[in-house]
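Listed below are the residues making up each chain.
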Amino acid sequence: MSLAKKFQPHCPALGCSGGHADRLHEVSLEQIEIPQVILARKRDTDNQIWRCSYCGLVWLQKSTSRPGFDPLPLGYYTNLEFAPVYNAFKIREGNKANYPSRRPWHNLKKAKR
């Protein structure tokens with residue numbers, strides 16, 4: 001019998017290959033200077049700021065979810081400079097909260113109800 005799959009914390013950036021759980025760190029606004037224009041995109045439920053030390057991505061997320069799950073990417077912080085990303089930024093499908101079922105017939109059953 002196979003074990004149930006669990007979410008493994010990792011960087012939500014699509015191109016980051018080394019951002020595993022040991023490289024994700026919760027940071028504060030005092031540590032990283034993020035412009036107020038970028039922080040204005042914050043959702044009501046987002047109250048933690050995380051950073052991947054491998055690629056430098058900074059994102060917001062809920063405090064109740066695991067690191068990297070359902071993120072709101074803000075930008076990259078490297079060499080003491082912040083470079084914002086915008087809505088077109090792609091994150092991994094596994095990090096999204098509402099990804100479609102891997103079994104398409106499951107979606108049809110839900111639609112019929």
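On a predicted model such as this, the values are computed, not experimentally measured, just so you know.

**Here's the deal with the overall build of the chain**
(1) Moving on: Secondary structure assignment for the chain yields 2 helices and 5 strands.
(2) Moving on: Element order for the chain, N to C, with α for helix and β for strand: β-α-β-β-β-β-α.
(3) Moving on: Taking all 113 residues of the chain together, the buried fraction comes to 35%.
(4) Moving on: Across the chain, contacts joining residues at least 24 apart in sequence account for 52% of those joining residues at least 6 apart.
(5) Moving on: Accessible surface, the chain as shown: approximately 8,200 Å² in total, 53% of it carbon and sulfur.

**What to know about the pairing of strand S5 (residues 81-84)**
(1) Moving on: In this structure, strand S4 (residues 72-78) lies alongside S5, joined through 4 bridges in antiparallel fashion. Directly across from Tyr77, in S5, lies its bridge partner Phe82.
(2) Moving on: In sequence, S4 turns back onto S5 through a hairpin of 2 residues, with Asn79 there showing a positive phi of about 50 degrees.

**Observations regarding the pairing of strand S3 (residues 57-61)**
(1) Moving on: Most of S3 is tucked away, with 5 of its 5 residues classed as buried.
(2) Moving on: Side chains Leu57, Trp59 and Gln61 of S3 all project onto a buried face; the interleaved residues Val58 and Leu60 project onto the opposite face, where all are buried too.
(3) Moving on: Bridge count for strand S2 (residues 48-52) against S3 is 4 bridges, and the pairing is antiparallel. Each bridged residue has a counterpart across the sheet, and for Ile49 the counterpart in S3 is Leu60.
(4) Moving on: Hairpin connection between S2 and S3: a loop of 4 residues separates the two successive antiparallel strands, and Gly56 in this loop has a positive phi of roughly 90 degrees.
(5) Moving on: With 4 bridges connecting them, S3 and S4 associate as antiparallel partners. Each bridged residue has a counterpart across the sheet, and for Trp59 the counterpart in S4 is Pro73.

**With respect to the state of the cysteines**
(1) Moving on: Per the stated rule, a full pass over the model turns up 0 disulfides.
(2) Moving on: Summary of cysteine pairing: Cys52 is not part of a disulfide, and the nearest cysteine sulfur, belonging to Cys16, is at 3.8 Å.
(3) Moving on: Exposure remark for Cys52: the relative accessible area of 0% places this residue in the buried category.
(4) Moving on: Cys55 carries a free sulfur, and the closest cysteine sulfur to it, the one in Cys11, is 3.6 Å from it.

What counts, and at which threshold
- Residues numbered from 1 in each chain as written.
- Predicted model: local features only at pLDDT ≥ 70, side-chain atom pairs only at ≥ 80, totals over all residues.
- Heavy atoms only, no water.
- Helix = DSSP H or I, 4+ residues; strand = E, 2+ residues; numbered from the N terminus.
- Buried < 20%, exposed > 50% of the residue type's maximum accessible area, 1.4 Å probe, protein only.
- Contact = heavy atoms within 4.5 Å.
- Areas by Shrake-Rupley, 256 points an atom, 1.4 Å probe, with all protein chains shown as cover.
- Pairing = 2+ DSSP bridges.
- Disulfide = S-S within 2.5 Å.

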